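# Report on the structure
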Amino acid sequence: MRKIVIAGNWKMFKTQAETQDFLQGFLPHLEEIPQGREVVLCPPFTNLNLLSKSLHGSVIQLGAQNVHWEENGAYTGEISGPMLTELGVRFVIVGHSERRQYFGETDATVNLRLKAAQKHGLTPILCVGETKEQRDAGETESIITAQLDKDLIDVDQDNLVIAYEPIWAIGTGDTCESTEANRVIGLIRSQLSNPHVSIQYGGSVKPNNIDEIMAQPEIDGALVGGASLEPASFARIVNYK
Ligand SMILES: O=C(CO)COP(=O)(O)O
């Protein structure tokens, strides 16, 4: 059975005070969330402890935005798997295009991070997707195939979520047509050994397009950036019809 996973990626947004404000607006909506939907919040590391305490016992699960492959060591600025699991973190985003683009992450480091996440019992959300230039050049399929080939070496597909995030659709308001996202996600699925992996769509997911996106048969959830920052908007998304 493929699980539905809706995750909010807060990126580098929200102080702890702003996180408290978010919770005040969001917590009243929790009861509306239909059973069987996994809802995950991935705040900056600095908010994990606060959210871990505030969401304890609720249906909302906690995710981080990255994880290092070693358990500890001289890796300034990095966070390890045991540091996350100690806080009750269950999911971790790995290989987001912003990490690949701005922080030099490669398929090799993405692969190491995926394996480390799984070793510590975290479920990684692997992000893949093409740039506008690659899409225009007709390279969407070959780029994604190459990413999957390298990123998933020795990765356990029984404990994995994948997010298809076309880079040109991130933060632009330029959503990928839902039928096209469905097609690419079907293509991703055809390259996996486990057909039950949940595959999300990400890129300008909003309250006004979530119903259409989730109506697509191949799409098992969403990875939501900007629209997860505002309580009413994220509540509407997790309560899609
Ligand atoms: O990058 C994203 C989620 O990881 C998508 O961001 P937006 O929803 O803001 O386009």
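Scoring rules and cut-offs
- Along every chain, residues carry numbers that run from 1 in the direction the sequence is written.
- In keeping with the model being predicted, local features are shown solely for residues with a pLDDT of at least 70 and side-chain atom pairs are shown and tallied solely at 80 or more, while totals for entire chains, interfaces and linings include all residues.
- Excluding hydrogens and water, the side-chain figures rest on all heavy atoms present in the structure.
- UniProt positions are given in the numbering used here, feature names are shortened, and annotations may be inferred rather than shown by experiment.
- Two strands are said to pair when DSSP picks up at least two bridges between them.
- Think of it this way: any DSSP run of H or I at least four residues long counts as a helix, any run of E at least two long counts as a strand, and we number them from the N terminus.
- Whenever a helix is involved, its axis is fitted only over the stretch in contact; in every case the axis is a line through C-alpha atoms, and angles between N-to-C directions fall within 0 to 180 degrees.
- Whether two residues touch is decided by their heavy atoms; if any such pair falls within 4.5 Å, the residues are in contact.
- Grid spacing is 1 Å over the protein atoms alone, the probe is 1.4 Å, and a cavity is where that probe fits but cannot get out, while a pocket is an open set with protein on both sides within 12 Å along at least five of seven lines and lining residues have an atom within 4 Å of a point.
- Grid points are joined across faces, edges and corners, and a volume is the space filled by probe spheres set on the points.
- Here the term charged refers only to Asp, Glu, Lys and Arg, the term nonpolar to Ala, Val, Leu, Ile, Met, Phe, Trp, Tyr, Cys and Pro, and the term polar to all other amino acids, Gly among them.
- With a 1.4 Å probe rolled over the protein chains alone, any residue whose accessible area is under 20% of its type maximum counts as buried; one over 50% counts as exposed, and the rest are partly exposed.
- In this text, near means that some heavy atom of the residue lies within 4 Å of the molecule or strand in question.
- We call two N or O atoms a polar contact when they sit within 3.5 Å, provided that within protein one can donate a hydrogen and the other can accept it, with sequence-adjacent residues counted only if both atoms are side-chain atoms.
- The quantity known as pLDDT measures the predictor's confidence residue by residue, on a range of 0 to 100.

The protein chain is annotated in an unreviewed UniProt entry as Triosephosphate isomerase of Anabaenopsis arnoldii. For the record of the protein chain, the UniProt heading Subcellular location (unreviewed entry) holds the text "Cytoplasm". Here the protein chain is described in UniProt, under the heading Sequence similarities (unreviewed entry), as follows: "Belongs to the triosephosphate isomerase family."

This brings us to the sheet that holds strand β8 (residues 221-224). Note on sheets: strands pair through backbone hydrogen bonds, and any given pair is parallel or antiparallel. Ordered in space as β1-β2-β3-β4-β5-β6-β7-β8, the eight strands form a closed barrel in which the pairing is parallel. Taking each pair of neighbouring strands and ignoring which way they run, the sheet shows an average axis angle of 30 degrees. Sheet topology note: the strand β3 (residues 60-64)/strand β4 (residues 89-94) ladder contains three bridges and is parallel. Each bridged residue has a counterpart across the sheet, and for Gly63 the counterpart in β4 is Phe91. Its contacts with the sheet place helix α5 (residues 107-119) against β4 and β5 (123-128), and it is angled at close to 160 degrees to β5. Together, β5 and β6 (161-164) form the strand contacts of helix α7 (residues 140-151), whose direction differs from that of β5 by roughly 150 degrees.

As a further point, take the layout of surface pockets. Considered as a void within the structure, the largest pocket measures approximately 530 Å³ in volume. Along the wall of the largest pocket there are 18 residues; nearest its centre are Lys11, Met12, Gln65, Arg99 and Phe103. Among the residues forming the lining of the largest pocket, the class breakdown is eight nonpolar, six polar and four charged.

UniProt annotation of "active site" (unreviewed entry) refers to His96 and Glu165 when read in the numbering used here. For the annotated residues, spread through 70 residues, the largest C-alpha to C-alpha distance comes to 8.4 Å, consistent with a single compact locus. Set against the largest pocket, the annotated residues that line it come down to His96. Look past the residues within four positions of His96 in its chain and what remains in contact with it is Asn9, Lys11, Cys127, Glu165 and Ile170. Mapped onto the fold, Glu165 is located in the loop between β6 and α8 (178-190). Residue classification places Glu165 among the buried positions, given a relative accessible area of 5%. In this structure Glu165 touches His96, Cys127, Val128, Gly129, Glu130, Ile170, Gly202, Gly203 and Leu223, once residues within four positions along its chain are discounted.

Turning our attention to the site of the ligand. As a matter of local geometry, the ligand sits amid 13 residues, with Lys11, His96, Gly171, Ser204 and Gly226 nearest to it. Within the side chain of Glu165, one N or O atom sits 2.9 Å away from an oxygen atom of the ligand. In the model, an oxygen atom of the ligand is placed 2.8 Å from a nitrogen or oxygen of the Gly226 main chain. Split into classes, the residues belonging to the shell around the ligand amount to four nonpolar, seven polar and two charged.

Turning our attention to the environment of Thr76. Looking at the secondary structure, you find Thr76 in the loop between β3 and α3 (81-85). Its relative accessible area of 85% is what places Thr76 among the exposed residues.

To continue, consider the confidence of the model for the protein chain. In the predicted model, the protein chain carries a mean pLDDT of 96, and the fraction of residues at 70 or more is 100%. At the level of chain-chain contacts, confidence expressed as ipTM amounts to 0.99, with global pTM at 0.97.

Looking now at helix α10 (residues 231-238). The buried fraction of α10 amounts to six of the eight residues, a majority that puts the element mostly inside the structure. Listed as buried for α10 are Pro231, Ser233, Phe234, Ala235, Ile237 and Val238. Among the structural elements, β1 (4-9), α1 (16-26), β2 (37-42), α9 (210-214) and β8 are those in contact with the buried residues of α10.

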